[in-house]
Amino acid sequence: MPEKRNLICINCPVGCLIEVTLDGDTINSIKGYQCKRGLEYARAECTNPVRTVTSTVRVKDGILPVAPVKTEKPIPKRLIRDCMKEINRCCVQAPVKIGDVIVENLLGTGVNIVATGNVPEAHGKNGS
Amino acid sequence: MKEVDLVVIGGGPAGMAAAVKAKEKGVQDVLILERENSLGGILNQCIHNGFGLHYFGEELTGLEYAARFIDKVHRMNIPYCLETMVLNIGSDKTVTAVNSTEGVFTIKAKSIILAMGCRERTRGALNIPGTRPSGIYTAGTAQKYVNIYGYMPGKSVVILGSGDIGLIMARRLTLEGAEVKMVCELLPYSSGLTRNIVQCLDDYNIPLKLNHTVVAVHGKERLEGVTVAEVDQNRKPIPETAEFVPCDTLLLSVGLIPENELSRDAGIELDPVTSGPVVDARMETSVEGIFACGNVAHVHDLVDNVSNESELAGESAAEYILGINVPDRSETIVVKAGNGIRYTVPQLIRKQSLSRDTVKIFFRVADVYRNVRLAARCGNNILVERKRIKVTPGEMETLELKSQDLREINAGEELVIELRTDGEGH
Amino acid sequence: MYDVVVVGAGVTGAFIARELSKYRLSILVIDKESDVAMGTSKANSAIVHAGYDAVPGTLKALLNIRGNKMMKRISEELDVSFKMTGSLVVCFSKDGIFELEELKIRGFKNGVEDLEIIGADRLREMEPNISPNAVVALYAPSAGIICPYELTLHAMENAVENGAELKLECELSGISYDREVFRLETTKGVIECRYLVNAAGLYSDTVAEMAGDHSFRINPRKGEYVLLDKIYGSFVNRVIFQLPTDKGKGVLVTPTVDGNLLVGPNAEDIDDKTDTSTTSRGLSEVINVARLSVPSLDTRGIITSFAGLRATGSTGDFIIGPSPVNNKLIHAAGIESPGLTAAPAIGEMVADVLKKNGLKLEDKPDYCPYIEKYTPSRKMSESQWNEAVKKDPAHGRIVCRCEKITEADIVASIRRTIGARNVDAVKRRTRAGMGRCQGGFCSPRVVEILSKELGIPFEEVTKSGGKSVFLLKKTK
Ligand SMILES: Cc1cc2nc3c(=O)[nH]c(=O)nc-3n(C[C@H](O)[C@H](O)[C@H](O)COP(=O)(O)OP(=O)(O)OC[C@H]3O[C@@H](n4cnc5c(N)ncnc54)[C@H](O)[C@@H]3O)c2cc1C
Ligand SMILES: Cc1cc2nc3c(=O)[nH]c(=O)nc-3n(C[C@H](O)[C@H](O)[C@H](O)COP(=O)(O)OP(=O)(O)OC[C@H]3O[C@@H](n4cnc5c(N)ncnc54)[C@H](O)[C@@H]3O)c2cc1C
Ligand code: SF4
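Thresholds applied
Residues numbered from 1 in each chain as written. Chains lettered and ligands numbered in written order. Predicted model: local features only at pLDDT ≥ 70, side-chain atom pairs only at ≥ 80, totals over all residues. Heavy atoms only, no water. Domains from an automatic or database assignment. Pairing = 2+ DSSP bridges. Helix = DSSP H or I, 4+ residues; strand = E, 2+ residues; numbered from the N terminus. Axes fitted to C-alpha atoms, helices over the stretch in contact; angles between N-to-C directions. Contact = heavy atoms within 4.5 Å. Buried area = accessible area lost by both parts, 1.4 Å probe. Salt bridge = Lys/Arg side-chain N within 4 Å of Asp/Glu carboxyl O. Polar contact = N/O pair within 3.5 Å; in protein donor to acceptor, adjacent residues only side chain to side chain. Nonpolar A, V, L, I, M, F, W, Y, C, P; charged D, E, K, R; others polar. Parallel < 35°, antiparallel > 145°, perpendicular 65-115°, else oblique. Near = heavy atom within 4 Å. Expected span 1.5 Å × (residues − 1). Buried < 20%, exposed > 50% of the residue type's maximum accessible area, 1.4 Å probe, protein only. Disulfide = S-S within 2.5 Å. Areas by Shrake-Rupley, 256 points an atom, 1.4 Å probe, with all protein chains shown as cover.

Enquirer: Is there a simple way to explain the domain arrangement of chain A in this structure?
Expert: By convention, interface size is frequently given as the accessible area that disappears when the constituent parts associate. On domain assignment, one finds that chain A holds domain 1 (3-47) and domain 2 (54-127). Taking only C-alpha atoms into account, the centre of domain 1 of chain A sits 33 Å from that of domain 2 of chain A.

Shown next as structure tokens:
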């Protein structure tokens, strides 16, 4: 059974409404885009949609309790929840530097999770 | 009194870009004053990506974008004072500030760049009736709690206003385990980027309710729920559509207001529409030698534009300090927001400052329009015209004008930026 | 066992306690809320009324005039912001002059001698933004504006510094009387005393009923307000009233002592004594009526709105005196407007009533009417401020940018005699969060400072006590 999917192109403010008909994994038709970028976007969204995930990880002994992180490259959209689980499991020791690899090869995707900000070490880090 | 050539107020992306540019153009003595404990401005809480595509040609998170400019500031040895709040600026270009090491101090500057950014509109400004429990935050404050302090403001959330910050927070809170019940938008369209609607709402099945608003707040201690209603064409709530939505958190993403208390006190002329200073094409305010850039001048959606605009302000301040290309201020062309246009920046052009090849006019349209032309006109003469399939108030537009054309315009004449329709498809 | 327990830490209870703290007595004030001035005393028009509109011969008239005359001295002793701005009752028709004349005569009978009726020209000279339809007005130079929670807080602190005790989050739920002793059941256990003063505001009838006294009832009457940004603070120079109606003094427009503009209240009888919510109908009523006085009122300047409840007594006057069922129970009830103005005079009167009913008032030689002054950083001269920063760098760290409140100011508000325990309490003491950004910028910092000073985790810091937390849990 062919299935219809409606997408909004995100590549420019026009925001074309694109209609894709799918038969399983094969694309039958793509309609509604006004330029090539829309076509490519629709194709990618229907075959392998990807997203960059940004969040924070726990930091020990830092001046802040959390450090910002991102997936270095976009990862498959369906992995977002699992990616968050990985991120929530992490705890890194301060100091954290921008670019530090926090998780290597996330969920076998080959993509690393890296720090996007600095969290220096707290002085007199006794107590909690 | 300490003397400094250029004082930059605010160490966000605007202040940093302006300071760096001014130093590159030959001003030796630049000082940035920033009230937070680090440079970076609002970007320090923007851990999401979507910054820098235009300026750096790659997609960065807000913090990473800021870090690149902080690096430049360091590499160029530009001094800055953190945790230093500017209390007052005088029209004689004195700057009074306070911090915990020097106390209250005053600096005499040759030139000042205003880069104080903006603040968020609050519940009070919207006058939402009801009780006054905890659990109501502006989206930016919630962003700070989550991203910097590492705390969740609540677990079931309604967001009012579909500005980008609200959309970003909808995704952020969802990923951290909260339930975002809906985003309500008073207008028939969202002011956020399509990209954010798709990736922050649609990806997580969060409904966007256009033509809806929050009409009452409930709960004595902590928020217990809000009443949401649809609005009619006049944006008045329709009572029959009122619906109680239980939630413990209400985020407001209902607009930003340039932070111009200092400018007002210094007697700088403000534009009632942008809420920022009236500036010329060099970003100079009504007070000679005081320049403004970034969100303090008008609210930007892309930091990339902030950086470009601020470099222009930095360069202009450098020219002013070094005495190059300083225009006679009397000969001006007024830039007017015409049909379908809400505001323009700059609001005026000094005829004798047309030293660059082109002048860029930034503006916002007043509503969503399709199949229109954006035009700059003087009398009956159209200087430039651009076709657009769709324009929305949420996206800043630009027109680039040739200085050579502008020189032909007489001082005192108006340059009108307007929206023209083809008579079809509106 | 206390000599006297006062129920209610509003402005009435505070001034009663302060008055009693002049004598060798053991005094306890209890309040169910987490801070003083959480009832009507924090949400009102903040006017020190001249005293021309109360019916001559009533307690309202008598105590209003006396309170008004005491206020200047009190404000100095207690370091409370007070400005004698004067007030105007404006009329939109020439005929109104007759009603103004009547008010003037009433005022004269009450002892307000400096009232003046002024014409349109003088009115406009005094108030450039007044409506062109305003043709005549009654001018009362002795009216003023005050900060109502500062007045309450400082009076109570002064009482505490003179030996009175204060228990907050202590709700009275039952009273029994046996062998000359009251046994009070409260959320903080049983408390015993010889005299009981009822200053429980809206709930003073409930308290009376606990003692078997059904002689009066208190009905809540709501009044809603909007508050405007400081750039509108000098929009009017005086308190602008319209002619009073049977429900009260009507909607007024006034500067506040902190330089904002306050507009309100309307008047609506309601049933629920806890309902301080604002309504869109109420707020638009307030704005529309205010525009009769000042048509150019700019609603874009609104930074917040709130509502207060008048404790309207069934007798029409203040109810001050011993209960008909027990003369050791003294009421200070039905204290609606001008209760704020009258509070210092009510304090004196209640002490006198207690004395007449057998309480011995013996002077305490070390009583001090002054409270220790605290000067916030922003109000220091440049050299004072620099000195302060040298001693304590926290004076150089601005936390609330709109009102320029420093970390030192906030810490001081937490450490004072009656210290702030939540964000709203800090706000009432320092103004942090009262400005145009309404706490958007400073509340995270205030939460942080409260957490550190009180030694509690972030998720236990509240907005206004109870369950009003800001943050639920750590994200990670
Ligand atoms: C939540 C949010 C999300 C955003 N998302 C995106 C996005 O995805 N992509 C994108 O391109 N753009 C985004 N933007 C826009 C972009 O971040 C802003 O346009 C940009 O940060 C504005 O820069 P600025 O320097 O003008 O202001 P700010 O970054 O606000 O900096 C102003 C600085 O001035 C300081 N200051 C103010 N007053 C004083 C004073 N009196 N004394 C001393 N210092 C003072 C402040 O502390 C602050 O550091 C976002 C903005 C926000 C608020
Ligand atoms: C809209 C409005 C405008 C006003 N404007 C003015 C004005 O401009 N000028 C003026 O002079 N006056 C004005 N007033 C009047 C003035 O505000 C009041 O008269 C005054 O605040 C009353 O103070 P109070 O201490 O009696 O009551 P409250 O401040 O209400 O204090 C009573 C206290 O008792 C506590 N309490 C109650 N029950 C219990 C219990 N069972 N156990 C423990 N504690 C309990 C409550 O928590 C509360 O803190 C106005 C009033 C209103 C409502
Ligand atoms: S298809 Fe092309 S024109 Fe349409 S929204 Fe996408 S990028 Fe814009």
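The rest of the description comes next.
Enquirer: Can you help me understand the sheet that holds strand β24 (residues 358-365) of chain B in this one?
Expert: Sheet strands pair by backbone hydrogen bonding; their relative direction is either parallel or antiparallel. All names here are of chain B. The strand order β22-β24-β27 describes an open sheet built from three strands, whose pairing is antiparallel. Here the strands that pair on one side only, and so sit at the sheet edges, are β22 (341-345) and β27 (397-402). Along the sheet, successive strands turn relative to each other by an average axial angle of 30 degrees, direction set aside.

Enquirer: Can you walk me through the interface of chain B and chain C in this structure?
Expert: Taken together, the contact pairs 44 residues of chain B with 52 residues of chain C. Between chain B and chain C lies a buried interface of about 4,100 Å² when both sides are counted; carbon and sulfur atoms form 56% of it. A salt bridge links E221 of chain B to K467 of chain C; the shortest N-O distance between them is 4.0 Å. Applying the counting criterion to the chain B and chain C interface returns 18 residue pairs in polar contact (both at pLDDT 80 or more). Contributions of two or more residues to the side of chain B that touches chain C are made by β6 (85-89), β7 (94-99), β8 (103-114), α3 (123-126), α4 (139-149), β11 (151-152) and α7 (261-265) of chain B. With five residues, α4 of chain B is the largest single contributor of residues to the side of chain B that touches chain C. By residue class, the composition of the side of chain B that touches chain C is 15 nonpolar, 13 polar and 16 charged. Relative to strand β23 (residues 473-474) of chain C, β11 of chain B is paired through two bridges, and the arrangement is antiparallel. Residue pairing in the sheet places M152 of chain B in a bridge with K473 of chain C of β23 of chain C.

Enquirer: Can you walk me through the packing of helix α10 (residues 407-415) of chain C against helix α11 (residues 423-430) of chain C in this structure?
Expert: Packed helices, taken two at a time, are described by the angle their axes make and the gap between the axes. All names here are of chain C. Viewed as axis vectors pointing N to C, α10 and α11 meet at an angle of 110 degrees, and their least axial separation amounts to 9 Å. As far as their axial angle goes, α11 and α10 are roughly perpendicular. Contact residues: α10 offers D409, I410, S413 and I414, while α11 offers V426, R429 and T430. Looking at the contact of α10 with α11 residue by residue, the classes come out as three nonpolar, two polar and two charged.

Enquirer: Looking at this structure, I do not really get the site of ligand 1. What am I missing?
Expert: Residue and element names in this part refer to chain B. Close to ligand 1 lie 33 residues; A14, E34, I42, N295 and V303 are nearest. Measuring from an oxygen atom of ligand 1, one finds a backbone N or O atom of A14 at 2.8 Å. With respect to ligand 1, the side chain of R35 contributes an N or O atom lying 3.1 Å from a nitrogen atom. Contributing elements (two or more residues each) for the shell around ligand 1: α1 (13-24), β3 (49-51), β6 and α8 (303-322). Ranked by residue count, the leading element in the shell around ligand 1 is α8, at three residues. Looking at the shell around ligand 1 residue by residue, the class counts come to 16 nonpolar, 12 polar and five charged.

Enquirer: Before we go on, may I ask you to explain helix α5 (residues 148-161) of chain C in this structure?
Expert: Residues three or four positions apart in an α-helix share a direction because the helix packs 3.6 residues into each turn. Taking 1.5 Å of rise per residue, 14 residues should cover 20 Å, and α5 of chain C covers 20 Å from first to last C-alpha, within 8% of that figure. Those residues of α5 of chain C not exposed but buried are P148, Y149, E150, L151, T152, L153, H154, A155, M156, E157, N158 and A159 of chain C.

Enquirer: I tried to follow the state of the cysteines on my own but got confused; where do I start?
Expert: Put plainly, a disulfide is one covalent bond tying together the sulfur atoms of two cysteines. Scanning the entire structure with this criterion turns up zero disulfides over all chains. Here C200 of chain B is not disulfide-linked; the sulfur of C46 of chain B is the nearest cysteine sulfur, at 12 Å.

Enquirer: Any chance you could explain the site of ligand 2 here in plain terms?
Expert: Residues and elements named next belong to chain C. Close contacts around ligand 2 come from 35 residues, with T12, D31, S41, I335 and T341 the closest. At 3.1 Å from an oxygen atom of ligand 2 is found a main-chain nitrogen or oxygen belonging to V11. Between ligand 2 and S41, the relevant distance is 2.5 Å, taken from an oxygen atom to a side-chain nitrogen or oxygen of the residue. Compared with its free state, where it exposes 1,000 Å², ligand 2 has 97% of that area covered by protein. Counting only elements with at least two residues in the shell around ligand 2, the list comes to α1 (11-20), β18 (302-313) and α8 (339-356). Per-class residue counts for the shell around ligand 2 are 15 nonpolar, 14 polar and six charged. There are two domains that each give the shell around ligand 2 at least three residues, and those are domain 1 (2-41 + 149-217 + 315-356) and domain 2 (81-145 + 219-311).

Enquirer: It is not clear to me how the sheet that holds strand β15 (residues 212-218) of chain B should be interpreted in this structure. Could you clarify?
Expert: Residues and elements named next belong to chain B. A sheet is described by the order of its strands in space; here three strands give the open sequence β15-β16-β17, paired in antiparallel fashion. The two strands at the open ends of the sheet, each matched to only one other strand, are β15 and β17 (243-246). Strand-to-strand twist in this sheet, taken as the mean axis angle between neighbours without regard to direction, amounts to 35 degrees. Both β15 and strand β16 (residues 225-230) contribute to a ladder of six bridges, which runs antiparallel. If you follow H212 over to β16, its bridge partner there is E230.

Enquirer: So what exactly am I meant to see when it comes to the domain arrangement of chain B here?
Expert: Residue and element names in this part refer to chain B. Taken domain by domain, chain B comprises domain 1 (1-120 + 256-326), domain 2 (122-254) and domain 3 (330-426). With centres defined by C-alpha atoms, the gap from domain 1 to domain 2 works out at 31 Å. In total, about 1,100 Å² of surface goes out of reach between domain 1 and domain 2, with carbon and sulfur atoms giving 49% of it. At the boundary of domain 1 and domain 2, one finds one salt bridge. The residue E59 makes a salt bridge to R195 at a minimum N-O spacing of 2.7 Å. Summed over the shared surface of domain 1 and domain 2, the number is eight residue pairs in polar contact (both at pLDDT 80 or more).

Enquirer: Would you mind showing me how to read the pattern of salt bridges here?
Expert: Any two side chains of opposite charge can pair, given that their charged atoms come close. All names here are of chain C. Under the definition given, this model contains 63 salt bridges over all chains. Among the salt bridges present, the one from K22 reaches E19, with a minimum N-O distance of 3.1 Å. A relative accessible area of 23% places K22 in the partly exposed class. For E19, a relative accessible area of 11% translates into the label buried. Between R445 and E448 there is a salt bridge, with its nearest N and O atoms 3.5 Å apart.

Enquirer: How should the side chain of T56 of chain A be read in this particular structure?
Expert: Its place among the elements puts T56 of chain A in strand β5 (residues 54-60). Residue classification places T56 of chain A among the buried positions, given a relative accessible area of 0%. In this structure the side chain of T56 of chain A is engaged in a polar contact, spanning 3.5 Å, whose partner is the side chain of R172 of chain B. Those residues in contact with T56 of chain A that sit more than four places away from it in its chain are V66, A67, P68, V69 and I87 of chain A, I47, N147, R172 and E176 of chain B together with T475 and K476 of chain C.

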